[in-house]
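# Per-entry structural report
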Amino acid sequence: MHPIITVTSCDKDWPATRLCRCRLSEERREKELRMDRWQAMRIFAKVAETESFAETARLMHMSAPAVTRAVASLEDLVGARLFVRTTRSVKMTEAGARYVEDCRRILGEIAEAEAAAGGSYATPTGTLVVTASAMFGQMYVLPVMTEYLDTYPTMSGRTFFVDRPVNIVEEGVDVAIRIGHLPDSGFTAIKVGSVRRVICGSPAYFEKYGVPSTPADLKGHRIAASTSAWASPEWRFAGDQRVTIDATLQCNTNEAAIATATAGWGLTRVVHYQIGPALVAGDLQIVLSDFEEPPLPIHVLHPQGRHAPAKVRAFVDLAVSRLRENRLLN
């Protein structure tokens, strides 16, 4: 007697079985891709920011092929090309430019949800990194930082006071205090005051050499010029007036130029917050104030927007309050 063999429908029709298995495989791959979409969106957003697959791989501690595969998978998923790649550049397409804004919003909401679940959105935790220009940071931001750390003893802080542009995203900065007009970056910026570029000297100097009444009069005075910022010998004033200064003494720091002026040797030009204590003490006086250029704004800047964690929001609130109440900055 021959054994009875039961044949299933798929066994009867093996091409259909193979098709069924292919469909299951495609569904599985799509499911895995959807589960990895969050990571792919993070990679895509970073490539959009750096305009480089290699730099993104370095910053995210990945291999360049892995970054390329993630972006390609995301393009397959959304059904649109997100980048135009050449041997020298990576540029977003129009679809990519629209999609990256949604990705950043979604990633921010995920980060906010995770922070809320972990408690860091409600209570300041971790390390706060703050940047500002060197002299402004030391004089006005450092006291805010120490007060902040006294208020939140479980926090730690790191200051990054340098006289150069700082990429606050790439360099891991939480909050920046910037002087000057800001480019459109999409970051949250809160104006807290303004500063002026001023000509100053000591009362003893003015008593001995007289007070200049117009910018052109500066050519008859001894000048100690700082070369650390605004180093051009052409000093600009309101009404597009310009005076080329032949400085008798060039100092590589603002502190040295200010010390020279305070000693009564000559005049100097600085940002007025830098001589705040000397102005209050009467050691320096500002001249030619009617000819000054419009003041430069001061902003407290941070990249997280409304999704900022508690450590950032607490510092920003304190910094805005303290800087706005400082009469030397307002």
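Going by the structure above, here's the rest.
Remember, it's a predicted structure, so these values are computed and weren't measured experimentally.

Scoring rules and cut-offs
- Residues numbered from 1 in each chain as written.
- Predicted model: local features only at pLDDT ≥ 70, side-chain atom pairs only at ≥ 80, totals over all residues.
- Heavy atoms only, no water.
- Helix = DSSP H or I, 4+ residues; strand = E, 2+ residues; numbered from the N terminus.
- Expected span 1.5 Å × (residues − 1).
- Buried < 20%, exposed > 50% of the residue type's maximum accessible area, 1.4 Å probe, protein only.
- Contact = heavy atoms within 4.5 Å.
- Pairing = 2+ DSSP bridges.
- Axes fitted to C-alpha atoms, helices over the stretch in contact; angles between N-to-C directions.
- Parallel < 35°, antiparallel > 145°, perpendicular 65-115°, else oblique.
- Nonpolar A, V, L, I, M, F, W, Y, C, P; charged D, E, K, R; others polar.
- Core = buried A, V, L, I, M, F, W, Y, C linked by side-chain atoms within 4.5 Å.

What follows concerns helix α11 (residues 310-324). In an α-helix, one full turn covers 3.6 residues, which means residues spaced three or four apart are oriented alike. Given a rise of 1.5 Å per residue, 15 residues ought to cover 21 Å, and the 21 Å separating the end C-alpha atoms of α11 matches this to within 8%. Those residues of α11 that fall on the buried side of the exposure criterion are A310, K311, V312, A314, F315, V316, L318, A319, V320 and L323. In this structure, the buried side of α11 is in contact with β3 (127-132), α7 (134-151), β5 (175-179), β6 (188-195) and β14 (296-302).

This next bit is on helix α5 (residues 64-78). Over its 15 residues, α5 extends 21 Å from the first C-alpha to the last, a length consistent with the 21 Å expected when each residue adds 1.5 Å. Within the sequence span of α5, burial applies to A66, V67, A70, V71, L74 and E75. G79, located one to two residues past α5, shows a positive phi value of around 75 degrees.

Let us now look at the sheet that holds strand β12 (residues 268-271). With respect to topology, three strands assemble into an open sheet ordered β12-β7-β13, the strand pairing being antiparallel. One side of each edge strand has no neighbouring strand; the edge strands of this open sheet are β12 and β13 (285-287). For this sheet, the mean inter-axis angle between neighbouring strands, taken without regard to orientation, is 50 degrees. For strand β7 (residues 197-201) and β12, the ladder comprises four bridges, and the chain directions are antiparallel. Across the sheet, residue R197 finds its bridge partner in β12, namely V271.

Let's shift gears to the packing of helix α3 (residues 37-50) against α5. Two elements in contact, α3 and α5, have axes separated by 9 Å at closest approach and are oriented at 110 degrees. Classified by the interaxial angle, the pair formed by α3 and α5 is roughly perpendicular. Two secondary-structure elements touch here, α3 through R37, A40, M41, I43, F44 and V47 and α5 through V67, A70, V71, L74 and L77. A breakdown of the residues in the contact of α3 with α5 according to their chemical character gives ten nonpolar, no polar and one charged.

In this structure, L128, F136, V175, I177, V300 and F315 are the most contacted members of the largest nonpolar core, which totals 40 residues. At eight residues, the largest contribution of residues to this core is made by α11. Filtering out sequence-adjacent residues up to four positions away, I177 remains in contact with V130, T131, A132, S133, F136, V141, I298, H299, V300, F315 and L323. Counting residues in hydrophobic clusters, the runner-up holds 21 residues, among them A40, F44, L74 and F83.

Once that is clear, we can look at the sheet that holds strand β4 (residues 156-161). Strand order in the open sheet formed by five strands is β4-β3-β5-β14-β6, with mixed pairing between adjacent strands. Each having just a single partner strand, β4 and β6 make up the two edges of the open sheet. Across the sheet, the mean angle from the axis of one strand to that of its neighbour is 20 degrees, orientation sign disregarded. Pairing of β3 with β4 involves six bridges; the strand directions are parallel. Residue pairing across strands places T127 opposite S156, the latter belonging to β4. Strand contacts of α7: β3, β4, β5 and β14, with the helix running at about 175 degrees to β4, the strand carrying the most contacts. Its contacts with the sheet place α11 against β3, β5, β6 and β14, and it is angled at close to 20 degrees to β6.

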